[in-house]
Amino acid sequence: MEEDQELERKISGLKTSMAEGERKTALEMVQAAGTDRHCVTFVLHEEDHTLGNSLRYMIMKNPEVEFCGYTTTHPSESKINLRIQTRGALPAVEPFQRGLTELMNVCQHVLDKFEASIKDYKDQKASRSESTL
């Protein structure tokens, strides 16, 4: 029971977001009756294939993950169900957190490279315009 409370505490920072002055659940952790912490479905609200497929890819890179897949509930609903099943003693929330962290790192790297390329382009453009004067 303490382990479940610890896992709940770990993802508490991800669970809610502010929307229109109300607290709105952004993430739910769903477990079927009788299952353990190694097979969990995470419901991510206000998300779609963009995050679902990227996160699934990052999570599946972990060799301790036996299965990871996602579904969208309906095209008119903006939520995804992400299911993770792990091998051994690793709880499903661990690769979920790791996948989110790695995905954020990849996105930050792409953003840094993009901004550096824009800066280089503007610098080259400025130097060309100075040389023509």
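Only a predicted model underlies this, so the values are computations on that prediction, with no experimental measurement involved. (Residues numbered from 1 in each chain as written. Predicted model: local features only at pLDDT ≥ 70, side-chain atom pairs only at ≥ 80, totals over all residues. Heavy atoms only, no water.)

The terminal C-alpha atoms of helix H4 (residues 93–132) lie 59 Å apart, and with 40 residues this matches the ideal 58 Å at 1.5 Å per residue to within 8%. Buried residues of H4: Val93, Pro95, Phe96, Gly99, Leu100 and Leu103, and no others. (Helix = DSSP H or I, 4+ residues; strand = E, 2+ residues; numbered from the N terminus. Expected span 1.5 Å × (residues − 1). Buried < 20%, exposed > 50% of the residue type's maximum accessible area, 1.4 Å probe, protein only.)

Of all the seven residues making up strand S4 (residues 39–45), seven are buried; the element is thus mostly covered by neighbouring parts of the structure. Alignment of strand S3 (residues 27–30) against S4, held across four bridges, turns out to be antiparallel. Bridging across to S4, Met29 finds its partner in Phe42. Two strands pair when backbone bridges link them, and S4 and strand S6 (residues 79–86) are joined in this way by seven bridges, in the antiparallel orientation. The residue of S6 that forms the bridge with His45 is Lys79. (Pairing = 2+ DSSP bridges.)

Quick look at the pattern of salt bridges now. Counting across every chain of the model gives two salt bridges. Here Glu102 makes a salt bridge to Arg98, at a shortest N to O gap of 3.0 Å. In this pair, Glu102 and Arg98 are both assigned in helix H4, four residues apart and thus about one turn of the helix distant. Since its relative accessible area comes to 23%, Glu102 is described here as partly exposed. Judged by relative accessible area, Arg98 falls into the partly exposed class, the value being 45%. Across the pair Asp123 and Lys119 runs a salt bridge, and its minimum N-O distance is 3.0 Å. A residue pair is termed a helical-turn pair when its members lie 3 or 4 positions apart in one helix, as Asp123 and Lys119 do in helix H4 at four residues. (Salt bridge = Lys/Arg side-chain N within 4 Å of Asp/Glu carboxyl O.)

What tends to happen in soluble globular proteins is that the nonpolar side chains get buried as a cluster. Formed by 18 residues in total, the largest nonpolar core has its most connected members in Phe42, Leu44, Leu55, Ile59, Leu82, Ile84 and Phe96. At the level of secondary structure, the elements contributing two or more residues to this core comprise S4, helix H3 (49–60), strand S5 (65–72), S6 and H4. In this view, Leu82 contacts Val40, Thr41, Phe42, Leu44, Gly52, Leu55, Ile59, Cys68, Gly69, Tyr70 and Phe96; residues no more than four positions away in its chain are not counted. (Core = buried A, V, L, I, M, F, W, Y, C linked by side-chain atoms within 4.5 Å. Contact = heavy atoms within 4.5 Å.)

The end-to-end C-alpha separation of H3 is 16 Å, in line with the 16 Å expected for twelve residues at 1.5 Å each. Among the structural elements, S4, S5, S6 and H4 are those in contact with the buried residues of H3. The N-capping residue of H3, defined by a side-chain oxygen 3.0 Å from the backbone nitrogen of Thr50, is Asp48. (Polar contact = N/O pair within 3.5 Å; in protein donor to acceptor, adjacent residues only side chain to side chain.)

Our next topic: the sheet that holds S6. Strand order in this open sheet of four strands is S3-S4-S6-S5, and the pairing throughout is antiparallel. Strands with a single pairing partner mark the edges of an open sheet, and in this sheet they are S3 and S5. Recorded for the sheet is a direction-independent mean angle of 20 degrees between the axes of neighbouring strands. Against the sheet, H3 contacts S4, S5 and S6, and its axis sits at roughly 175 degrees relative to S5. Contacting S3, S4, S5 and S6, H4 runs over the sheet at an angle of about 120 degrees to S6. (Axes fitted to C-alpha atoms, helices over the stretch in contact; angles between N-to-C directions.)

Structural measurements only, silent on function.
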